[in-house]
Amino acid sequence: VKLTVTAWEPHARSILRIILAFVFSLHGLRLLYGLFPQLARRPGGVSVPLDSLPQFTGYIMLIGAGLLFLGLLTRPSALALALVSLASYVLVAAPRALAPIRAGGNEVLLYFLVFMYFALDGGGSWSLDRLLETRRAGRA
Amino acid sequence: MLVAQENRMKPGRALDKVLGDKLTGSWLVVLRIAAGLLFSQHGGEKLWGFAGGRIDHNFPSLHALAGPIELVGGLLIAAGLFTRTVAFILCGEMAVAYFMDWAPKGFFPINNGGEEAVLFCYLFLWLVTRGAGPLSIDALIHRRTETSVQRPSDHRTVNAATRV
């Protein structure tokens, strides 16, 4: 069982990458165009720190998340998004409260950790990077 | 010369060589421990009002039962004990939480407040396939079985040989 499950790791990593990039890109759209209003939140919850960043970071979020969604230039775009997430935690969430859950910093810390992992170890099997690589290898 | 050409063709591979598996492995440790602790905050909040959160001791209810599951599950993930099993359970828990609590309140995760549930759900799904990685109790246990079980036909040897 363990062998079978482990064989799925690159696919599961791609699923994680695609979902996170999609949700992250929504924050970019929210910052740039004011789409996706917050309709509900946990009791005592505060806004996601990404929404309080200066507006130009919205372009980084949107372009980076788009690239990450496709799996194109996975590592550099994951690094850029990780840095944006870390910046939003340090600048916005950390001054609010010490505990990340109270500061609303859980989401951005998770984004930071996972995107940094993608930057270090790549984005898994289902990506344009991988597709281009195998095509180029086949031509050579 | 040949190596340099190969590296220029695949920037990811070149980066791999610079960073090595070591940095990736240590980042996985950071990721697992931090994510486990972040998750267990939710359990602490429901059980004793961690950091001024809302306590829920209304025990037959699913929301209250989630408290101990989240606290213990998050700590087990952080410690790296039974990582795959625990991650599978928590992944399911987050899926239930998302569709019961958040999905009715809006379509997109950033509308309905369920963003964190989505992140944890897919993170745990990945951890099921990834396993605990280095510096975990799982890795300790597997190292022990690997040295004590020598018969190659034994299924435990096969398990220990796979990536933890």
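Look up a bit, the structure's there.
Here the structure is a predicted model, which is why all the values come from computation and not from measurement.

Student: Outline the overall build of chain A, supporting the account with residue identities and numerical values.
Tutor: Helix and strand content of chain A: 7 helices and 0 strands. Walking chain A from its N terminus toward its C terminus, one meets helices and strands in the order α-α-α-α-α-α-α. Counting all 140 residues of chain A, 51% fall into the buried class. Long-range contacts, defined as pairs at least 24 residues apart, comprise 72% of the intrachain contacts of chain A with a sequence gap of at least 6. Carbon and sulfur atoms make up 71% of the accessible area of chain A, which amounts to about 6,300 Å² in all.

Student: Describe in detail the packing of helix α2 (residues 9-33) of chain A against helix α3 (residues 57-70) of chain A, supporting the description with residues and values.
Tutor: Residues and elements named next belong to chain A. It is the contact of α2 with α3, at a shortest axis distance of 8 Å, that shows an interaxial angle of 155 degrees. On the basis of the axis angle, α2 is roughly antiparallel to α3. Between α2 and α3 the crossing geometry is left-handed. Judged by residue contacts, Arg17, Ile18, Ala21, Phe22, Phe24, Ser25, His27, Gly28, Leu29, Leu31 and Leu32 of α2 engage Thr57, Gly58, Tyr59, Met61, Leu62, Ala65, Leu68, Phe69 and Leu70 from α3. Its residues placed into classes, the contact of α2 with α3 shows 14 nonpolar, 5 polar and 1 charged.

Student: Could you give an account of the interface of chain A and chain B, with specific residues and numbers?
Tutor: Taken together, the contact between chain A and chain B spans 46 residues of the former and 51 residues of the latter. Three residues, Lys2(A), Tyr117(A) and Leu120(A), lead the burial of chain A against chain B; their summed loss comes to 15% of the area buried on that side. Along the contact surface separating chain A from chain B lie 2 salt bridges. Joining chain A to chain B, the criterion identifies 18 residue pairs in polar contact (both at pLDDT 80 or more). Of all the secondary-structure elements, those providing two or more residues to the side of chain A that touches chain B are α1 (2-7), α2, α5 (100-103), α6 (106-121) and α7 (128-139) of chain A.

Student: Pulling in residues and values, what's your account of empty space enclosed by the protein?
Tutor: The tally for this structure, following the rule as stated, stands at 1 cavity of 30 Å³ or more. Roughly 190 Å³ of volume is contained in the largest cavity. Elements represented by at least two residues in the lining of the largest cavity include exactly α2 and α6 of chain A together with α5 (109-112) and α6 (115-130) of chain B. Classifying every residue of the lining of the largest cavity gives 5 nonpolar, 8 polar and 6 charged.

Student: Would you mind going over the layout of surface pockets in detail, with residue names and values included?
Tutor: Residues and elements named next belong to chain B. In this structure, the largest pocket spans a volume of roughly 680 Å³. Contributing to the lining of the largest pocket are 33 residues, with Lys46, His63, Glu70, Ala97 and Asp101 lying nearest its centre. The biggest single contributor to the lining of the largest pocket is helix α4 (residues 83-102), with 7 residues. Grouping the amino acids of the lining of the largest pocket by side-chain chemistry returns 13 nonpolar, 7 polar and 13 charged.

Conventions adopted
Residues numbered from 1 in each chain as written. Chains lettered and ligands numbered in written order. Predicted model: local features only at pLDDT ≥ 70, side-chain atom pairs only at ≥ 80, totals over all residues. Heavy atoms only, no water. Helix = DSSP H or I, 4+ residues; strand = E, 2+ residues; numbered from the N terminus. Buried < 20%, exposed > 50% of the residue type's maximum accessible area, 1.4 Å probe, protein only. Contact = heavy atoms within 4.5 Å. Areas by Shrake-Rupley, 256 points an atom, 1.4 Å probe, with all protein chains shown as cover. Axes fitted to C-alpha atoms, helices over the stretch in contact; angles between N-to-C directions. Parallel < 35°, antiparallel > 145°, perpendicular 65-115°, else oblique. Left-handed = near helix turned anticlockwise from the far one by under 90°. Nonpolar A, V, L, I, M, F, W, Y, C, P; charged D, E, K, R; others polar. Buried area = accessible area lost by both parts, 1.4 Å probe. Salt bridge = Lys/Arg side-chain N within 4 Å of Asp/Glu carboxyl O. Polar contact = N/O pair within 3.5 Å; in protein donor to acceptor, adjacent residues only side chain to side chain. 1 Å grid on protein atoms, 1.4 Å probe; cavity = no way out; pocket = protein on both sides within 12 Å on 5 of 7 lines; lining within 4 Å. Points joined across faces, edges and corners; volume = space filled by probe spheres on them.

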